[in-house]
Amino acid sequence: MRLALAEAGQAGDDVPVGAVVLAPDAVTVLGAGHNEREATGDPTAHAEVLALRRAAARTGDWRLSGCTLVVTLEPCTMCAGALVQSRVDRVVYGARDEKAGAAGSLWDVVRDRRLNHRPEVVEGVLAEDCARLLTAFFRTP
């Protein structure tokens, strides 16, 4: 999670969310990203999507079976869908997102029994640190 927090710190003018995809060995970083919507004008440039894209490019396979995505904020519905589609084994997140979270807060897309793949969800890892970063961003004028 500390690597994801470091990624979040690079978000510049965007919401400070960072993500990393860990290989099945849980040590090797296959892909990393932070929100880049403002920088790129791309509404899909969320930290999770960018980290998944980079991990898939590095492995040469869209299937990221055995991998773990670690992200500072609970994934939204778009990112939760991308997690399911990428076949990651687990998602670990820090702060809950009561307004748009799709991994247990508002929705639970990643564990929906109607889907063909359901990653394990681990929530609350360094939650206070992750939330503090977001709170500071939204309090800044």
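Residues numbered from 1 in each chain as written. Predicted model: local features only at pLDDT ≥ 70, side-chain atom pairs only at ≥ 80, totals over all residues. Heavy atoms only, no water.

1. Description of the overall build of the protein
Thinking step 1. From N to C terminus, the protein includes 5 helices and 5 strands.
Thinking step 2. Listing each helix as α and each strand as β along the protein from the N terminus yields α-β-β-α-α-β-α-β-β-α.
Thinking step 3. Taken over C-alpha atoms, the radius of gyration comes to 14 Å for the protein, in line with the 14 Å a tight globule of 141 residues would show.
Thinking step 4. In terms of overall dimensions, the protein has C-alpha extents of about 45 × 30 × 30 Å along its principal axes.
Thinking step 5. Per-residue burial over the protein gives 48% buried out of 141 residues.
Thinking step 6. In the protein, once contacts between residues fewer than 6 apart in sequence are set aside, the share between residues at least 24 apart is 55%.
Thinking step 7. Looking at the protein as shown, the accessible area adds up to about 7200 Å², and 52% of this sits on carbon and sulfur atoms.
Thinking step 8. Charged side chains of the protein number 16 positive and 19 negative; the gap between the two group centres comes to 4 Å. (Helix = DSSP H or I, 4+ residues; strand = E, 2+ residues; numbered from the N terminus. Rg over C-alpha atoms; globule rule 2.2 N^0.38 Å. Buried < 20%, exposed > 50% of the residue type's maximum accessible area, 1.4 Å probe, protein only. Contact = heavy atoms within 4.5 Å. Areas by Shrake-Rupley, 256 points an atom, 1.4 Å probe, with all protein chains shown as cover. Lys, Arg positive; Asp, Glu negative; His and termini not counted. Charge placed at Lys NZ, Arg CZ, Asp CG, Glu CD.)

2. Brief notes about the packing of aromatic side chains
Thinking step 1. Following the criterion strictly, the structure yields 1 aromatic pair and no others.
Thinking step 2. Look at phenylalanine 137 and phenylalanine 138: their rings are 5.0 Å apart centre to centre, the planes differ by 85°, and that puts the pair in the edge-to-face class.
Thinking step 3. The exposure class of phenylalanine 137 is partly exposed, given its relative accessible area of 26%.
Thinking step 4. A residue is classified by how much of its surface remains accessible, and phenylalanine 138, at 58% relative accessible area, is exposed. (Phe/Tyr/Trp six-rings, centres within 6.5 Å; stacked < 30°, edge-to-face > 60°.)

3. Brief notes about the sheet that holds strand 2 (residues 29-34)
Thinking step 1. Spatial strand order, 2-1-3-4-5: 5 strands in an open sheet with mixed pairing. The sheet is open, and its two borders are formed by strand 2 and strand 5 (120-123), each paired with just one other strand. Neighbour-to-neighbour, the strand axes of the sheet open up by a mean angle of 15°, direction not taken into account.
Thinking step 2. Two elements, strand 4 (residues 90-95) and strand 5, share 4 bridges in a ladder whose sense is parallel. Bridge pairing in strand 5 places valine 91 opposite valine 121.
Thinking step 3. Packing of helix 5 (residues 127-139) onto the sheet brings it into contact with strand 3 (68-73) and strand 4, and relative to strand 4 it is tilted by some 60°. (Pairing = 2+ DSSP bridges. Axes fitted to C-alpha atoms, helices over the stretch in contact; angles between N-to-C directions.)

4. Quick notes on the pattern of salt bridges
Side chains that carry opposite charge are capable of pairing whenever their charged atoms lie near each other.
Thinking step 1. Under the defined criterion, the tally for this structure stands at 10 salt bridges.
Thinking step 2. For arginine 114, the salt bridge is made with aspartate 112, and the minimal N-O distance between the two is 2.5 Å.
Thinking step 3. A single salt-bridge network, built from bridges that share partners, covers Arg2, Asp129 and Arg132. (Salt bridge = Lys/Arg side-chain N within 4 Å of Asp/Glu carboxyl O.)

5. Notes on unusual backbone geometry
The bulk of non-glycine residues show a negative phi, and the bulk of peptide bonds are trans.
Thinking step 1. For arginine 87, which is not a glycine, the phi torsion comes out positive at approximately 70°.
Thinking step 2. Although it is not a glycine, leucine 126 adopts a positive phi angle of roughly 50°.
Thinking step 3. Within the fold, leucine 126 resides in the loop between strand 5 and helix 5.
Thinking step 4. Accessibility expressed as a relative area gives 28% for leucine 126, which makes it partly exposed.

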